[in-house]
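Take a look at the letters that make up each chain.
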Amino acid sequence: MVGIILASHGQFAEGILQSGSMIFGEQENVKAVVLQPSEGPDDLRAKLEEAVASFDNQDEVLFLVDLWGGTPFNQSNTLFEEHKDKWAIVSGLNLPMLIEAYASRFSMESAHEIAAHIIETAKEGVKVKPEELEPVVETKAVAQEAAPSGTPGKFTYVLARIDSRLLHGQVATAWTKTTNPTRIIVVSDAVAKDELRKKLIQQAAPPGVKAHVVPVEQMIKLAKDDQHFGGQRALLLFENPQDVVRAVEGGVPLETVNVGSMAHSPGKVQPNKVLAFSQDDIDSFNKLKESGVKFDVRKVPNDSKGNMDEILKKAQDELKNRA
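Analysis parameters
- Residues numbered from 1 in each chain as written.
- Predicted model: local features only at pLDDT ≥ 70, side-chain atom pairs only at ≥ 80, totals over all residues.
- Heavy atoms only, no water.
- UniProt positions renumbered as here; feature names shortened; annotations may be inferred.
- Helix = DSSP H or I, 4+ residues; strand = E, 2+ residues; numbered from the N terminus.
- Buried < 20%, exposed > 50% of the residue type's maximum accessible area, 1.4 Å probe, protein only.
- Pairing = 2+ DSSP bridges.
- Core = buried A, V, L, I, M, F, W, Y, C linked by side-chain atoms within 4.5 Å.
- Contact = heavy atoms within 4.5 Å.
- Phe/Tyr/Trp six-rings, centres within 6.5 Å; stacked < 30°, edge-to-face > 60°.

> Run through the UniProt feature "domain: PTS EIIB type-4" (unreviewed entry) in the chain, naming residues and quoting values.
Those places that UniProt annotates as "domain: PTS EIIB type-4" (unreviewed entry) correspond, in this numbering, to residues 153–319. Here residues 153–319 runs as 41% helix and 20% strand, with 45 Å between its end C-alpha atoms.

Below, the structure is given as C-alpha cells:
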C-alpha cells in the first residue's frame, strides 16, 4: 500500500487527517507532519523521515503538502530527490484530494499513479456560489455514464443505504468511490415534497453523478421500468427502514441493505454510536430479514461490519427494560 504523508504549516495536516477519517474511516500508513512556529526546516525534515520510516512500504510514498514552495514542500522535496522514480509530491492539499487518494489506494499500487489521478478531483472540489461566478469551461464527457438514459434495461443497484443524513460527505465520497454509481436516488416521500432539501441534495452530488429525489411509489415504478435504465448504476438512499420495507414489498429488488446511520430521537434507544431504534424500526428490520434481505452495518466501506442480529437484540432488550 502506498504510504501518504500530509505536510503543512501549523495544524492543518492534523485537522484534515481527522476530517478524512470521519468521512472515509481510519487509514493505515498515513501520517500528518506539521511545522510549528518555533521549528525550523531541519526539525520538519526529521519528522518527515520518521513518518516515512513508520510505513510498511517505504518504496512507494506520496506527499500531499499545503503550499508549493513552502517549507513543508521544500523539505519533502529534499527527500523526494533521492526517490523520484517511485515517490511523488502534490501540493494544494484539500479534502477532495485526500479522499480520492484514500480511494485510489484500493486499486492503484504506485505513488506516481495516485498523484496523477487525484489532481482533477482536487480541482473539481473548488466551487463557488452563486454559480455565475464559476469560470466558463468546456464540459467534459462523464466517463461514469455507462449508457445514456433511454437505453433498454433496468437499473443495476450498487448500494441501498439507510442513513438519516441522506446525501452527505461519507456517501458523496467514500461510498461513491467504491460503488461507482451513475445516479444517486434519495427515496423519501417527505424529502420529495421539500423543494429546498431536494435542491440541496442535487447540489451535493459528486462530479459525474446525477442526484434525484423520488417518493417511494415512484421508485417502485422506476424499478419495474425495463425500457429506459439499461447501464445505469443506482445508489439508493433511505431515511428509515420503513421506507425500505415499502420499496421491497413493492418490487424494488434489493438483496442487501447497508445500515449506516439512524439518528436518535425521543422514544428511541441507541445500542451503538450511530444507530438508534424505535419498536417500529426493529419490526421493520425483522420484516426485511423475513423477506430475505441481508444487512451490511457500516458507516464507511473500510469499517468492519457490525452484527445486525446482535444490535437488534440489544435494542429490543433496552426497549423492554425502559417499558
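> Account for the pairing of strand β5 (residues 156–163), with residues named and values stated.
Across the eight residues of β5, six count as buried, placing the element largely inside the fold. The pairing of β5 with strand β8 (residues 233–238) spans six bridges and is classified as parallel. Directly across from Arg161, in β8, lies its bridge partner Leu237. With three bridges joining them, β5 and strand β9 (residues 256–261) adopt parallel strand pairing. Counterpart to Ile162 in the pairing with β9 is Val259.

> Quick one: what's the story with the nonpolar core, residue by residue and with numbers?
The nonpolar side chains of soluble globular proteins are, as a tendency, buried together. Core analysis: the largest hydrophobic core is formed by 39 residues, its most contacted members being Met219, Leu236, Phe277 and Phe285. The residues contacting Met219, other than those within four sequence positions of it, are Phe155, Tyr157, Ile185, Val187, Val214, Leu236 and Val252.

> For the packing of aromatic side chains, give the residues involved together with the corresponding values.
Per the stated rule, a full pass over the model turns up eight aromatic pairs. With a centroid separation of 6.0 Å and 35° between ring planes, the pair formed by Phe24 and Phe106 is classed as tilted. Note that Phe24 is positioned in helix α1 (residues 12–24) and Phe106 in the loop between α4 (95–104) and α5 (111–124), a separation of 82 residues in sequence. What makes Phe106 exposed here is its relative accessible area of 55%. Between Phe155 and Phe229 the ring centres are 4.3 Å apart and the planes differ by 15°, which places this aromatic pair in the stacked class. Note that Phe155 is positioned in the loop between α5 and β5 and Phe229 in the loop between α9 (216–224) and β8, a separation of 74 residues in sequence. Of the two residues, Phe155 and Phe229, neither departs from the other in class, the shared state being buried.

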